[in-house]
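Residue-level listing of the chains:
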Amino acid sequence: MPEKQCAVSLRGISKAFGKIQANHNVDLDIYRGEILALLGENGSGKTTLMNMLSGIYFPDSGTITIDGKPATISSPRDAFAYGIGMIHQHFKLINVFTAAENIVLGLQDEAGFNLDEAKTRIMSVCDAYSFEIDLDQKVYDMSVSQKQTVEIVKLLYRGTEVLILDEPTAVLTPQETDKLFAVLRNMRDSGKAIVIITHKLHEVLDISDRVSVLRKGEQIGELLTSKATAEQMTNMMVGRQVSLNIERPTPQDPRERIRVEGVTVRGSDGVVKLDNVSFSAYTGEILGIAGISGCGQKELLEAIAGLQAVEQGSIDYIEDDGTLDSLIGKDPLEIASMGIALSFVPEDRLGMGLVGSMDLADNMMLRSFRQGRSFFTDRKAPEHLAEKVIDELEVNTTSVHTPVSNLSGGNVQKVLVGREIASAPKVVLSAYAVRGLDVNSSYVIYDLLNKQKESGVAVVYVGEDLDVLLELCDRILVLCAGKVSGIVDGRNTTKNEVGLMMTNLGGAQ
Amino acid sequence: MIHISKRKEMPLWQSLSIRLAAIVVALIVCGIITTTMTGLNPLEVYASMVKGAFGSPRKVWILLQELALLLCVSVALTPAFRMRFWNLGGEGQILVGCLASAACMIAIGDKLPNPLLIFIMLLWSLAAGALWAVIPAYFKARWNTNETLFTLMMNYVATQLVAYFVIVWEVPKGSGNIGIINQTTEAGWFAQIAGNKYLLNILLVAALTVAMYIYLNYSKHGYEISVVGESVNTARYVGIKVERVILRTLLLSGAICGFAGLLLVAGTNHTLTTTLAGGRGFTAVMVTWLAKFNPLVMIASSLLLVFMGNGAAEISTAFALNQSFGDILTGIILFFIIGSEFFITYKLSFSSHDKQTNQATLATTAMKEA
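Residues numbered from 1 in each chain as written. Chains lettered and ligands numbered in written order. Predicted model: local features only at pLDDT ≥ 70, side-chain atom pairs only at ≥ 80, totals over all residues. Heavy atoms only, no water.

## Some details on the sheet that holds strand 14 (residues 312-318) of chain A
All names here are of chain A. If you trace the four strands from one edge of the open sheet to the other, you get 12-11-14-15, paired in antiparallel fashion. Two strands bound the open sheet, and with one partner strand each, they are strand 12 (272-282) and strand 15 (324-326). Across this sheet, the average inter-strand angle for adjacent strands is 25 degrees, counted without regard to direction. Of the pairings in the sheet, the one linking strand 14 to strand 15 comprises three bridges and is antiparallel in character. Paired with Ile-318 across the bridge in strand 15 is Leu-324. Running at roughly 60 degrees to strand 12, helix 9 (residues 297-305) makes contact with strand 11 (256-266), strand 12 and strand 14 of the sheet. (Pairing = 2+ DSSP bridges. Helix = DSSP H or I, 4+ residues; strand = E, 2+ residues; numbered from the N terminus. Axes fitted to C-alpha atoms, helices over the stretch in contact; angles between N-to-C directions. Contact = heavy atoms within 4.5 Å.)

## A short note on the packing of helix 4 (residues 115-129) of chain A against helix 5 (residues 144-157) of chain A
Residue and element names in this part refer to chain A. It is at 10 Å that the axes of helix 4 and helix 5 come closest, and there the two elements cross at 105 degrees. In terms of orientation, helix 4 lies roughly perpendicular with respect to helix 5. Between helix 4 and helix 5, the residues in contact are Ala-118, Arg-121, Ile-122, Val-125, Cys-126 and Tyr-129 and Val-153, Leu-156 and Tyr-157, respectively. (Parallel < 35°, antiparallel > 145°, perpendicular 65-115°, else oblique.)

## Re the sheet that holds strand 16 (residues 342-345) of chain A
Residues and elements named next belong to chain A. Strand order in this open sheet of six strands is 16-17-18-13-19-20, and the pairing throughout is mixed. In the strand order of this sheet, the two ends are held by strand 16 and strand 20 (483-489), each with one partner. For this sheet, the mean inter-axis angle between neighbouring strands, taken without regard to orientation, is 15 degrees. The pairing of strand 13 (residues 285-290) with strand 18 (residues 458-462) spans five bridges and is parallel. Across the sheet, Ile-286 pairs through a bridge with Val-459, a residue of strand 18. Strands in contact with helix 15 (residues 439-454) are strand 13, strand 17 (427-431) and strand 18; relative to strand 18, the strand with the most contacts, it is inclined by about 150 degrees.

## A short note on the pairing of strand 7 (residues 162-166) of chain A
All names here are of chain A. Of all five residues in strand 7, five are buried; the element is thus mostly enclosed. Alternating positions in strand 7 separate into two faces, Val-162, Ile-164 and Asp-166 on one and Leu-163 and Leu-165 on the other, with burial throughout. Judged from the four bridges that link them, strand 6 (residues 84-87) and strand 7 form a sheet pairing that is parallel. Paired with Gly-85 across the strands is Leu-163, a residue of strand 7. (Buried < 20%, exposed > 50% of the residue type's maximum accessible area, 1.4 Å probe, protein only.)

## A word on the domain arrangement of chain B
Residue and element names in this part refer to chain B. Structurally, chain B comprises domain 1 (1-40 + 323-370) and domain 2 (67-318). Distance between the C-alpha centres of domain 1 and domain 2: 35 Å. Taken together, the contact between domain 1 and domain 2 spans twelve residues of the former and ten residues of the latter. Regarding the contact of domain 1 and domain 2, the summed buried area is about 810 Å², with carbon and sulfur atoms giving 79% of it. Among the residues domain 1 hides against domain 2, the three largest losses belong to Gln-323, Thr-330 and Leu-334. Together they make up 48% of the total. Our count for the domain 1 to domain 2 interface comes out at one salt bridge. Between Glu-341 and Lys-292 there is a salt bridge whose closest N-O contact spans 3.0 Å. The interface formed by domain 1 and domain 2 contains one residue pair in polar contact (both at pLDDT 80 or more). Per-element tally for the side of domain 1 that touches domain 2: the top contributor is helix 13 (residues 323-345), with eleven residues. For the side of domain 1 that touches domain 2, the per-class residue count stands at six nonpolar, three polar and three charged. (Domains from an automatic or database assignment. Buried area = accessible area lost by both parts, 1.4 Å probe. Salt bridge = Lys/Arg side-chain N within 4 Å of Asp/Glu carboxyl O. Polar contact = N/O pair within 3.5 Å; in protein donor to acceptor, adjacent residues only side chain to side chain. Nonpolar A, V, L, I, M, F, W, Y, C, P; charged D, E, K, R; others polar.)

Rendered as structure tokens:
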């Protein structure tokens, strides 16, 4: 094998935001013909570091060398000039334009702009790396994976040599992920330098050649993927020994708790979001809900929680003595006043579950502030609850009076889950409870959900990581475009089966 | 090259000193403009402004009562603003409050004992202001109309309504003025406390300000207002009836504006004109924003605006300058105070292309030390 050629070399890079040191003295080399995985927990500074390469941030100190020459990258334009391109978690595409229009958008150096010629050139790029793309398709008609393809082609078309992808698989199905990885390998083999930011270990093992681990803004170490193990990487990432097994106790005495029958929900734009959905959730069980994002998961949970109008069908809460209480047409307050303890951890934590500008204590009383006859709020009880949650879930905060928007994603989620569980619920609905969370926090959340399950709560877990769904849930309901594609036993199914059910009703090819 | 980045947090002393520095820079700029445009010594001009605002006990009383009125309107807008409901209809809500009070004084002024009359005036002015605010609130809650435009339009309706009644009640006929209402009987006039005409107004507003602070920060209603303001979705999620909170809060906001109308008619002016509100409905928007919706801080921000206004009036007479010159100075000072918020939220770092990294480090350290 020939000597590896270093494309980009970072030395002593530091970056601080106010009092927070996002990166401290990081050294990193990116080689051509290699896929480098940048691994770290949330808030470890992976994205910040790469943003400095792509010209979004500017380092406080340190040097960047590109192809052996010192470089200054002070804007995304500079980064492009050096052949560095980054694909962010949120795509930057124009919805009403076609793929081709988006790809050529903003290019100035074309003599006599001609879209057809450009298309031919784009197709040659696509063929070189075997991308599947319809250049005349509008972006609003595309799936997430197609949009990502457009982003990648856009960078390659502009002559990008160093490609950075920030959590590219977060929104993809397993099949789509495989396709993406195949393309990335093609690009590597043609001599591009690729950096993939991730916190998923199996992906690191699957795709990368080398892995660099960041922790709390500092580089902990580098490994050759071929010689690394998942345990070793986790320990580097977290800084201590972590068990990677999710427990799955057998459900004890499951009884039907929530019965959903023939539920149809229409979104505000008149599109059918849920189509004739029926299932039951049982006590002492975790029911997983899988599906490509936007297939009705949000509407399903909100319909049960009383936040979404239901067009047809019934949703009933079954009490211990077998009485049925209909939840249709009730708002959250009415459901609570019926004596039904229902907790809901929504997908949009700061937009729905919590108030970002309020401190922890004030967020604790969102559900309970009405208690008591006094005109004034009781601030002591929520403060105690906040202290308890901080203590039990190891929330990293300076005090109970820190606004929750200042906390990191994992800590925000702990605050939300902590509050929802504190009310001793009978039903817990959770949407993407571990999205954006690091390994450590994720396992804290799994443990919490398992504890709820063991104490006889009916848990509904909407998730996107199939590996976790398969390990954690007793049964998995798969949604496909608003319909129930099937309900499978979590202990006897495979990732492939669930993946196929996500894209095709009933899992048929 | 300049890089702008958001600051995470900043200690209080640092943000206060940035604001103080902004005022100092503003005064220097004002001084330069004063000298170049008028040839006057800026220090003398400033001294005259201070004298105009605080120069004599009478001037201090006038300042305090102006402060009270502006503060009252600002306190009125605050609950709506905390809920992110941009009530720009303060002007109209004050005017209908004035109208209701004046109507009572004219219609039943001589028929009832004064305390009872004032009580009835209070009820009607509160009701009128509340009505003026709750109409746009209802449309917002029911059909999500734009409250900014709606409340703004309500101002014009109120002005025309007052204009109509001024003609109905004009004394003498054909003058187009109402003149002082109940000048001989003083029916419906606020009593003087300790021989001071304005003291009652000031005390009432002081109590109202503290009450509003407590209401917003410690009551369940205040908590609901904050939640709705931050996120309607979160409010629905915890079962807050958003529509009800909007209506209730705007009833309160409008009623306090109506109360300010009562203070104007019964407390200070004893007449009714279309310009009685004097733009306070709009100035109060600035006061509330400068104070970041904290009623206690509004005492300071309304003092600043009233001081600038009174001081500007003084320099225009003392130095025979156009009144607009005072407004220019006020504008410059406000520009710097509001502009300083940028430096509190964001950080600037400078660097040049050639030796960028070293200089960037130097620049940031220098910034930190500065």
